[in-house]
Amino acid sequence: MRSEVITVQTGSRPTVRDITSEAEGFVAGQGDGLLHVFVPHATAGLAIIETGSGSDDDLLRALDALLPADDRWRHRHGSPGHGRDHVLPALVPPYATLPVLGGRLQLGTWQSICLVDTNGDNPSRQVRFSFLPG
C-alpha cells in the first residue's frame with residue numbers, strides 16, 4: 001500500500017476545501033485499486049459533493065443549522081461553540097474510499113472530494129491518501 005500525508009490550509013473560519021486535484025495527483029499512473037482518504041482530526045470531515053455552484057456554501061449553512069456555534073455544547077474549550085466541531089465527524093465522516101481505474105479517480109461528473117472544516121481554531125489540517133492496488 002502506498003500512503004502519503006498532505007497539509008491543507010483551511011483558515012480561521014468554516015470552510016469546504018476541494019482536494020480533488022491533490023487526490024488525482026496521488027493516484028496518477030497507479031493502475032486499478034482503491035484510494036482511501038482520511039483526515040486524522042477530531043473536528044474535520046470529508047464530503048463528496050459538487051463545488052463551485054454554491055453547494056459548498058449550502059453545506060456550511062446546513063451544518064450551521066444542524067450544529068449551531070453557540071453555548072449549548074458540553075465540550076467547551078476553544079472558541080465559543082467549539083463543541084459543535086467535535087460533533088461534525090459524526091455527520092461528515094473523516095474518511096472516504098473511492099475506486100481508481102487506470103490511475104484515474106472514478107468520480108461522477110460533478111463530484112469533488114472536499115475537506116470540511118468548521119473549526120477556526122485549527123487553520124492547518126493533514127489529509128492522508130492511501131492507495132491499495134487491485
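Scroll up to find the structure this text is about.
Just so we're clear, the structure is a prediction, and the values are computed from it rather than from any experiment.

1. Regarding the overall build of the protein
Reasoning step 1: Across its full length, the protein carries three helices and eight strands.
Reasoning step 2: Each helix and strand of the protein, ordered N terminal to C terminal, gives the series β-β-α-β-β-α-α-β-β-β-β.
Reasoning step 3: Its C-alpha atoms give the protein a radius of gyration of 15 Å, within 12% of the compact-globule value 14 Å for 134 residues.
Reasoning step 4: Seen through its C-alpha atoms, the protein measures out along the principal axes to roughly 50 × 30 × 20 Å.
Reasoning step 5: Buried positions account for 42% of the 134 residues belonging to the protein.
Reasoning step 6: Put simply, 81% of the contacts in the protein that link residues at least 6 apart link residues at least 24 apart.

2. Focus: the nonpolar core
Reasoning step 1: Membership of the largest hydrophobic core comes to 20 residues, with the highest contact counts inside it found for I19, L35, V37, L105, V127 and F129.
Reasoning step 2: Of all the secondary-structure elements, those providing two or more residues to this core are β1 (2-9), α1 (20-27), β3 (33-38), β4 (44-49), β5 (95-101), β7 (112-117) and β8 (124-133).
Reasoning step 3: Beyond its immediate chain neighbours, meaning those up to four positions away, V37 contacts I19, L46, P94, Y95, A96, L98, V127, R128 and F129.
Reasoning step 4: Core analysis: the next-biggest nonpolar cluster, separate from the first, contains 12 residues, V16, L60, L67 and C114 among them.

3. Examining the sheet that holds strand β2 (residues 15-18)
Reasoning step 1: The antiparallel open sheet is built from three strands, whose spatial order is β2-β7-β4. In the strand order of this sheet, the two ends are held by β2 and β4, each with one partner. Neighbour to neighbour, the strand axes of the sheet diverge by 30° on average, direction disregarded.
Reasoning step 2: Bridge analysis of β2 against β7 gives four bridges, and the strand direction is antiparallel. Counterpart to T15 in the pairing with β7 is D117.

4. Considering the pattern of salt bridges
Reasoning step 1: One pass over the full model with this rule turns up seven salt bridges.
Reasoning step 2: Close ionic contact of R2 with E4 constitutes a salt bridge, the shortest N to O distance being 3.9 Å.
Reasoning step 3: Shared partners join several salt bridges into a network, and the residues in it are D64, R84 and D85.

5. With respect to the environment of P40
Reasoning step 1: Along the chain, P40 turns up in the loop between β3 and β4.
Reasoning step 2: The class for P40 is partly exposed, based on a relative accessible area of 42%.
Reasoning step 3: Each C-alpha atom of the pair P40 and G120 lies 16 Å from the other, and the pair is 80 residues apart in sequence.

6. Re helix α2 (residues 55-66)
Reasoning step 1: Over its 12 residues, α2 runs 16 Å from end to end, which matches the ideal 16 Å to within 8%, given 1.5 Å per residue.
Reasoning step 2: Taken together, the buried positions of α2 are D56, L59, L60 and L63. With its buried residues spanning 95° around the axis, α2 presents them on a single face. α2 presents R61 and A65 as exposed residues on the side facing more than 90 degrees away from its buried surface.

7. Quick word on the side chain of T10
Reasoning step 1: Turning to its location among the elements, T10 is positioned in the loop between β1 and β2.
Reasoning step 2: A polar contact is formed between the side chain of T10 and the side chain of D117, at a distance of 2.7 Å.
Reasoning step 3: Contacts of T10, omitting those with residues within four sequence positions, involve T15, L115, D117, N122, P123, S124 and R125.

How each quantity is defined
Residues numbered from 1 in each chain as written. Predicted model: local features only at pLDDT ≥ 70, side-chain atom pairs only at ≥ 80, totals over all residues. Heavy atoms only, no water. Helix = DSSP H or I, 4+ residues; strand = E, 2+ residues; numbered from the N terminus. Rg over C-alpha atoms; globule rule 2.2 N^0.38 Å. Buried < 20%, exposed > 50% of the residue type's maximum accessible area, 1.4 Å probe, protein only. Contact = heavy atoms within 4.5 Å. Core = buried A, V, L, I, M, F, W, Y, C linked by side-chain atoms within 4.5 Å. Pairing = 2+ DSSP bridges. Axes fitted to C-alpha atoms, helices over the stretch in contact; angles between N-to-C directions. Salt bridge = Lys/Arg side-chain N within 4 Å of Asp/Glu carboxyl O. Expected span 1.5 Å × (residues − 1). Arc of directions from axis to C-beta. Polar contact = N/O pair within 3.5 Å; in protein donor to acceptor, adjacent residues only side chain to side chain.

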